[in-house]
Amino acid sequence: MSKPDLRILTAPVSSGFETMTFPIYRPLLKLEPRPLHPEMGDTKLVKPLAIGAFLEDKPVGLVVVETPVEGSSDPDARDPEMLSLFCHKEFRNHGVGRALVTQLEKVLAERGFARLHAVYMTGKPHTAAVESILRRRRWSPPAARTVTVRFTPEEAAATPWFGARFLEPEYEIFPWKELTSEERAEIERSHKESPWISEGLEPWLHDRYGFDPASSLGLRYKGEVVGWVINHRLSANRLRFTCSFVRKPLGSRGRIFPVFAASIARAREAGYGNCIFTAPVRFKSMVRFIERRCARWAGFVGETRGSTKELTETGKKTV
Ligand SMILES: CC(C)(COP(=O)(O)OP(=O)(O)OC[C@H]1O[C@@H](n2cnc3c(N)ncnc32)[C@H](O)[C@@H]1OP(=O)(O)O)[C@@H](O)C(=O)NCCC(=O)NCCS
């Protein structure tokens, strides 16, 4: 096979590249600044960069990366992150993927970026190829970031915990859309006074730009809000369980299970056929829950891993 021709893509991008990245990232191929996850209420703009691989002018591979928007005063402006890497089936294992990564590193280093990150899902047929490319390009050893489980409502219903636990009468499950403004203010006030919500699971981080009203639920104990399962619609058929929490020590006896079960039942009624639940590895009890109580029944379990390439010693680009 001849060497692929690698080109930084400019708009309009040939439709031949459309299917070479994840559906959620396809809008990035307009190559205009936009939020990465508008479906989650993300408003921070990123600037996409895409490099295409061509063989005799035919698109055969694509790498897509997010870079910070130039001129941004955002102190959280991040290093570039590789979002997807693809090579057409017919041309795999001929170095196209590695050539794309090599070229991407070169382009970003020339633009003054100090490092490049990648996060990818394991448990897929091409995980070994991705890791082989990163290893050959001397990226950092991959480290686990999150554990992800994908399941249908029917698979969830087959787990031993589904419907097997009941809440005591002092508990009440309610639709999150019915959370009152007083209750919301009290959650924030009490947490500010004496923190009780695990960092990253605060409900306002996850529902401020919207949530799935059909399946997102709250849990009251003696009239006080002590837990939530907040979900987001990814597509007509796909639901993400974004944030779940029950106040300690109330949550320690598996009281989240009936809330999950109620949420999944509602998701099914609302027509969702696929659910995804992701737990950052630092939430050990959630990871245990996935490994021990979900993995055997779920359609897919994998972890995301992160790796970084130091591009240059010249320091991070100022944006
Ligand atoms: C991942 C992907 C882009 C790799 O593209 P590619 O052009 O085949 O990659 P390369 O030929 O440059 O390199 C592949 C490397 O993986 C190795 N490899 C492939 N299959 C492997 C396996 N099962 N076990 C171990 N190594 C494997 C190859 O030997 C090669 O390494 P080498 O160059 O040291 O010999 C391609 O498989 C693909 O498009 N997969 C589908 C999309 C995907 O999963 N993308 C990644 C997540 S976004």
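Scroll up for the structure.
Residues numbered from 1 in each chain as written. Predicted model: local features only at pLDDT ≥ 70, side-chain atom pairs only at ≥ 80, totals over all residues. Heavy atoms only, no water.

**Remarks on the overall build of the protein**
No. 1: Across its full length, the protein holds seven helices and 13 strands.
No. 2: For a compact globule of 319 residues, the expected C-alpha radius of gyration is about 20 Å, and the protein comes in at 22 Å, within 12% of that figure.
No. 3: Taken along its principal axes, the extent of the C-alpha atoms in the protein is 70 × 45 × 35 Å.
No. 4: Of all 319 residues assigned to the protein, the portion counted as buried reaches 45%.
No. 5: The long-range fraction of contacts in the protein, counting pairs at least 24 apart against all pairs at least 6 apart in sequence, stands at 69%.
No. 6: Of the roughly 16,600 Å² of accessible surface on the protein, 51% is carried by carbon and sulfur atoms.
No. 7: One way to put it: in the protein the 49 positive side-chain charges average out to a point 5 Å from where the 38 negative ones average out. (Helix = DSSP H or I, 4+ residues; strand = E, 2+ residues; numbered from the N terminus. Rg over C-alpha atoms; globule rule 2.2 N^0.38 Å. Buried < 20%, exposed > 50% of the residue type's maximum accessible area, 1.4 Å probe, protein only. Contact = heavy atoms within 4.5 Å. Areas by Shrake-Rupley, 256 points an atom, 1.4 Å probe, with all protein chains shown as cover. Lys, Arg positive; Asp, Glu negative; His and termini not counted. Charge placed at Lys NZ, Arg CZ, Asp CG, Glu CD.)

**Quick notes on the side chain of glutamate 183**
No. 1: With respect to the helices and strands, the residue glutamate 183 is situated in helix α4 (residues 181–193).
No. 2: Here glutamate 183 is in contact with Glu178, Arg220, Gly223 and Val225, once residues within four sequence places are set aside.

**With respect to the pattern of salt bridges**
No. 1: What the rule picks out here adds up to 17 salt bridges.
No. 2: One salt-bridge network, in which partners are shared between bridges, spans Asp5, Arg7 and Asp57. (Salt bridge = Lys/Arg side-chain N within 4 Å of Asp/Glu carboxyl O.)

**Describing unusual backbone geometry**
No. 1: The linkage connecting alanine 11 with the following residue, proline 12, adopts the cis geometry, with an omega of -5 degrees.
No. 2: Along the chain, proline 12 falls in the loop between β1 (5–8) and β2 (34–35).
No. 3: Here the bond from lysine 248 into proline 249 is cis, since omega is 0 degrees, no more than 30 degrees from zero.
No. 4: Mapped onto the elements of the fold, proline 249 is located in the loop between β11 (238–246) and α6 (256–269).
No. 5: Phi at glutamate 56 takes a positive value of approximately 50 degrees, unusual for a residue other than glycine.
No. 6: Backbone geometry at aspartate 57 places phi at a positive 70 degrees, although glycine is not the residue there.
No. 7: Within the fold, aspartate 57 resides in the loop between β3 (45–55) and β4 (58–68).

**Some thoughts on the packing of aromatic side chains**
No. 1: Under the criterion given, the structure shown has 18 aromatic pairs.
No. 2: On the numbers, 5.4 Å between centres and 55 degrees between planes, the contact of tryptophan 161 with phenylalanine 289 is tilted. With tryptophan 161 in the loop between α3 (153–157) and β8 (171–175) and phenylalanine 289 in helix α7 (residues 284–294), this residue pair connects regions lying 128 residues apart in the sequence.
No. 3: Ring centres of phenylalanine 257 and phenylalanine 289 lie 5.2 Å apart, and the angle between their planes is 25 degrees; this geometry places the pair in the stacked category. Here phenylalanine 257, found in helix α6, pairs with phenylalanine 289, found in helix α7; they are 32 residues apart in sequence, far enough to count as distant.
No. 4: Given the relative accessible area of 7%, phenylalanine 257 is considered buried.
No. 5: For phenylalanine 289, a relative accessible area of 11% gives the class buried.
No. 6: Through pairs of rings, three or more aromatic residues link up here, namely Phe151, Trp161, Phe162, Phe241, Phe257, Phe260, Phe277 and Phe289.
No. 7: The positively charged end of arginine 7 is found above the aromatic ring belonging to phenylalanine 54, 3.9 Å away from the centroid. (Phe/Tyr/Trp six-rings, centres within 6.5 Å; stacked < 30°, edge-to-face > 60°. Lys NZ or Arg CZ within 6 Å of the ring centre and 35° of its normal.)

**Let's talk about the site of the ligand**
No. 1: The environment of the ligand is formed by 19 residues, the closest being Leu85, Cys87, Asn93, Gly97 and Arg136.
No. 2: Here a nitrogen atom of the ligand sits 2.8 Å away from a polar atom, N or O, in the main chain of leucine 85.
No. 3: Within the side chain of arginine 136, a nitrogen or oxygen atom sits 2.8 Å from an oxygen atom of the ligand.
No. 4: Compared with its free state, where it exposes 960 Å², the ligand has 71% of that area covered by protein.
No. 5: Every element with two or more residues in the shell around the ligand is listed here: β5 (81–87), α1 (96–110) and α2 (127–136).
No. 6: Considering every element that reaches the shell around the ligand, the biggest residue donor is α2, with six residues.
No. 7: The residue makeup of the shell around the ligand, split by class, is nine nonpolar, seven polar and three charged. (Near = heavy atom within 4 Å. Polar contact = N/O pair within 3.5 Å; in protein donor to acceptor, adjacent residues only side chain to side chain. Nonpolar A, V, L, I, M, F, W, Y, C, P; charged D, E, K, R; others polar.)

**Quick look at the nonpolar core**
No. 1: Core analysis: the biggest nonpolar cluster contains 43 residues, and Phe151, Trp176, Ile187, Trp228, Phe241, Phe260 and Phe277 have the highest contact counts within it.
No. 2: Residue assignment for this core shows that the elements contributing at least two residues are β7 (143–151), β8, β9 (217–221), β10 (224–233), β11, α6, β12 (274–280) and α7.
No. 3: In terms of residue count, the dominant contributor to this core is α6 (six residues).
No. 4: With residues near it in sequence (within four places) discarded, phenylalanine 277 still touches Val147, Thr148, Val149, Phe151, Phe241, Ser244, Phe260, Met286 and Ile290.
No. 5: Ile51, Val65, Phe91 and Phe113 belong to the second largest nonpolar core, which has 24 residues in total. (Core = buried A, V, L, I, M, F, W, Y, C linked by side-chain atoms within 4.5 Å.)

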